[in-house]
Amino acid sequence: MKISTLLRSVAVTTVVGLLAAGCAGNPGFDPDDDRFKVLPQICDLVSPVTAGQLIGTPYETDTIAVETTGYCSWTYRDLGSEGAHPLERKLSLHVSLHRSNDARSGSNGALEELDRLSGDSPNHFERVLGFGEYAVRSSTSEGIDYIIVVGNLNLKMSFAGVNVDAAGNTTPIPPGQAVEPAAVLAREIAANAAKP
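Residues numbered from 1 in each chain as written. Predicted model: local features only at pLDDT ≥ 70, side-chain atom pairs only at ≥ 80, totals over all residues. Heavy atoms only, no water.

### Let's talk about the side chain of Asp-145
Here is step 1: Counting through the fold element by element, Asp-145 comes out in strand β6 (residues 143-150).
Here is step 2: Judged by relative accessible area, Asp-145 falls into the buried class, the value being 10%.
Here is step 3: A polar atom in the side chain of Asp-145 sits 2.7 Å from the side chain of Ser-158.
Here is step 4: Beyond its immediate sequence surroundings of up to four residues, Asp-145 is in contact with Phe-125, Val-136, Arg-137, Ser-138, Thr-140, Lys-156, Met-157, Ser-158 and Phe-159. (Helix = DSSP H or I, 4+ residues; strand = E, 2+ residues; numbered from the N terminus. Buried < 20%, exposed > 50% of the residue type's maximum accessible area, 1.4 Å probe, protein only. Polar contact = N/O pair within 3.5 Å; in protein donor to acceptor, adjacent residues only side chain to side chain. Contact = heavy atoms within 4.5 Å.)

Below you can see the structure in the form of structure tokens.
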């Protein structure tokens, strides 16, 4: 009898506590508590120096942003060189801003998008450290993809390229030429996104 009374007392205390928390609201789900209120200037997440060194010069940028989602791409093309050379290098970055709502925090929304994007991809993603608060990476047939979470931002980065060989044939960038530049770009994007 004493055990059932104790259990009943714990159950009642738990229910009262949950009701009180529900009535008080959850401050973690308050959009005012989200780290980022607006999208960053997406093209500014990669410095011109880094873009020139890793993508090539001259490069062109293209960008669009609408409230909570945006895109920037950096593209280098060399159509005039003879012999074996990099024909194209392309970096694309999609950024989504997640705001808190009654069901989840903005940060959880960014993580959920990471799970969805990596789960829907035909490529295998692996967890990597040192890029934002949470990141995954995948090798593709054309290059390297990263999905990075910084606060309530989700950043999907793709680095791809095409080479021309000595016979004049085009081939995707070899993994050895893609892995390190992609890591440098992803690290800079994550670091710049995290700046106040």
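### Side note on the pairing of β6
Here is step 1: Burial analysis of β6 places eight of its eight residues in the buried class, the great majority of the element.
Here is step 2: Relative to β6, strand β5 (residues 134-139) is paired through six bridges, and the arrangement is antiparallel. In the sheet register, Ser-139 faces β6, and the bridge partner there is Ile-144.
Here is step 3: The turn linking β5 back onto β6 is made up of three residues.
Here is step 4: Direction of pairing for β6 relative to strand β7 (residues 153-164): antiparallel, over a ladder of eight bridges. From the neighbouring strand, Tyr-146 faces β7, where its bridge partner is Met-157. (Pairing = 2+ DSSP bridges.)

### Focus on the nonpolar core
Here is step 1: Leu-93, Tyr-146, Ile-148, Leu-155 and Met-157 are the most contacted members of the largest nonpolar core, which totals 34 residues.
Here is step 2: Where this core is concerned, the elements lending two or more residues are β2 (69-77), β3 (85-97), β6, β7 and α4 (175-194).
Here is step 3: Among the elements that make up this core, the one with the highest residue count is α4 (eight residues).
Here is step 4: Once you skip the residues sitting within four places of it in the chain, Leu-155 turns out to touch Leu-45, Leu-93, His-94, Val-95, Tyr-146, Ile-147, Ile-148, Val-150, Ile-189 and Ala-193. (Core = buried A, V, L, I, M, F, W, Y, C linked by side-chain atoms within 4.5 Å.)

### Considerations on the confidence of the model for the protein chain
Here is step 1: For the protein chain, per-residue confidence averages 85 on the pLDDT scale, and residues scoring 70 or more make up 84% of the total.
Here is step 2: This model gives residues 1-28 a pLDDT under 50, and the stretch forms four contacts once residues within four places in sequence are excluded. (pLDDT = per-residue confidence, 0-100.)

### With respect to the pairing of strand β1 (residues 59-66)
Here is step 1: Among the eight residues of β1, zero are classified as buried, and the element is accordingly described as predominantly exposed.
Here is step 2: In the sheet, β1 pairs with β2 via eight bridges, with the strands oriented antiparallel. Each residue of the ladder has a partner; that of Ile-64, found in β2, is Tyr-71.
Here is step 3: Where β1 folds back onto β2 in an antiparallel hairpin, the turn is made up of two residues, including Glu-67, whose phi is positive at roughly 55 degrees.

### Brief notes about the state of the cysteines
Here is step 1: Here the structure, examined in full by the defined rule, presents one disulfide.
Here is step 2: With a sulfur-sulfur separation of 1.9 Å, Cys-43 is cross-linked through a disulfide to Cys-72. Between Cys-43 and Cys-72, the disulfide has an S-S torsion of 100 degrees and is therefore right-handed. Here Cys-43 is found in the loop between α1 (2-24) and α2 (48-54), whereas its partner Cys-72 is found in strand β2, with 29 residues between them in sequence.
Here is step 3: For Cys-72, a relative accessible area of 0% translates into the label buried. (Disulfide = S-S within 2.5 Å.)

### Quick notes on the pattern of salt bridges
Here is step 1: Enumeration over the complete set of coordinates arrives at eight salt bridges.
Here is step 2: Between Asp-145 and Lys-156 there is a salt bridge, and its shortest N-O distance comes to 3.8 Å. Taken together, the residues Asp-145 in strand β6 and Lys-156 in strand β7 connect sequence positions 11 residues apart. (Salt bridge = Lys/Arg side-chain N within 4 Å of Asp/Glu carboxyl O.)

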